[in-house]
Amino acid sequence: MYANNEIGTIQPIREIGEIAQENGILFHTDAVQAFGQLPIQVDECHIDMLSASGHKLNGPKGIGFLYVRKGLKIRSFIHGGAQERKRRAGTENIPGIVGLGAATKRALETMQERTAKEIELRDYLIDRVLKEIPYTRLNGDRTERLPNNANFSFQFIEGESLLIMLDMEGICGSSGSACTSGSLDPSHVLLAIGLPHEIAHGSLRLTLSEETTKEDLDFVIETIKKIVERLRSMSPLYEDFVKKQAR
């Protein structure tokens, strides 16, 4: 995974690619989150295969691509006709391909300016949330993260309650990835980086875009502050914690 889809951490792909190449290992990276957000050089990173998806670039849903290094032989995914270089059978999704191509072209042309804006807004969001909401942590690396990703854990609250109340205010967020949206279990990513269940349960992932404004973030931050304060006021765990702190 080039960059984690939940906490935004950018992985050391170049170093991993070098290790793979030195040991004769084929290297594939899932770059769905990173493609169009980060400059990717497949040769410098020794990437043999790379996959990306159109919906992360404001392109059509249901279309993606697999980059395969020239000369690399792979087995057919679906057997049938030879119209897709004998790698899979089926009729190509021409409208989707055209849409993905247009979205990719635009994403690459605007990447530098767009991501600079997103990083500025992302850091503004992170700084204010960590400063103004106590007992909050940022998940993922502070700087080596996707330009448009912020992931927080708020102690003494349930993430699902936070999401519902944010939704009522017209704010879209998530407690994990879309892949696990049907599960009430805490994020396996947060558990893997060492967070206890009770803190992992209070997580919130926010994703920015080039259309996000500072005014949008001010509204989001103030709303989160009010909701977290309200949820903590109903938490017996928080009440006990405050009493212990006062002793």
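To be clear, the structure that these remarks concern was listed above.
## A closer look at the pattern of salt bridges
(1) Moving on: Tallied over the full model, the rule gives 14 salt bridges.
(2) Moving on: Linking Asp43 and Arg69 is a salt bridge whose minimum nitrogen-to-oxygen distance equals 3.0 Å. Separated by 26 residues along the polypeptide, Asp43 in the loop between strand 1 (28-30) and strand 2 (49-53) and Arg69 in the loop between strand 3 (64-68) and helix 2 (94-132) bring together distant segments of the chain.
(3) Moving on: Between Arg106 and Glu210 there is a salt bridge, and its shortest N-O distance comes to 3.1 Å.

## Considerations on the packing of helix 3 (residues 159-168) against helix 6 (residues 214-233)
(1) Moving on: Between helix 3 and helix 6, the least distance of the axes is 10 Å, while the angle of their chain directions is 135°. Judged on the interaxial angle alone, helix 6 and helix 3 are oblique. Where helix 3 crosses over helix 6, the handedness of that crossing is right-handed. Facing Ser161, Leu162, Met165 and Leu166 of helix 3, the residues of helix 6 in contact are Thr223, Ile224, Ile227, Val228, Arg230 and Leu231.
(2) Moving on: Residues that form the contact of helix 3 with helix 6 fall into these classes: seven nonpolar, two polar and one charged.

## A look at the sheet that holds strand 6 (residues 203-207)
(1) Moving on: Read from one edge to the other, the open sheet built from three strands follows the order 4-5-6, with strand pairing classed as antiparallel. In the strand order of this sheet, the two ends are held by strand 4 (136-138) and strand 6, each with one partner. Taking the axes of each pair of neighbouring strands and ignoring which way they run, one obtains an average angle of 25° across the sheet.

Definitions and cut-offs
Residues numbered from 1 in each chain as written. Predicted model: local features only at pLDDT ≥ 70, side-chain atom pairs only at ≥ 80, totals over all residues. Heavy atoms only, no water. Salt bridge = Lys/Arg side-chain N within 4 Å of Asp/Glu carboxyl O. Helix = DSSP H or I, 4+ residues; strand = E, 2+ residues; numbered from the N terminus. Axes fitted to C-alpha atoms, helices over the stretch in contact; angles between N-to-C directions. Parallel < 35°, antiparallel > 145°, perpendicular 65-115°, else oblique. Left-handed = near helix turned anticlockwise from the far one by under 90°. Contact = heavy atoms within 4.5 Å. Nonpolar A, V, L, I, M, F, W, Y, C, P; charged D, E, K, R; others polar. Pairing = 2+ DSSP bridges.

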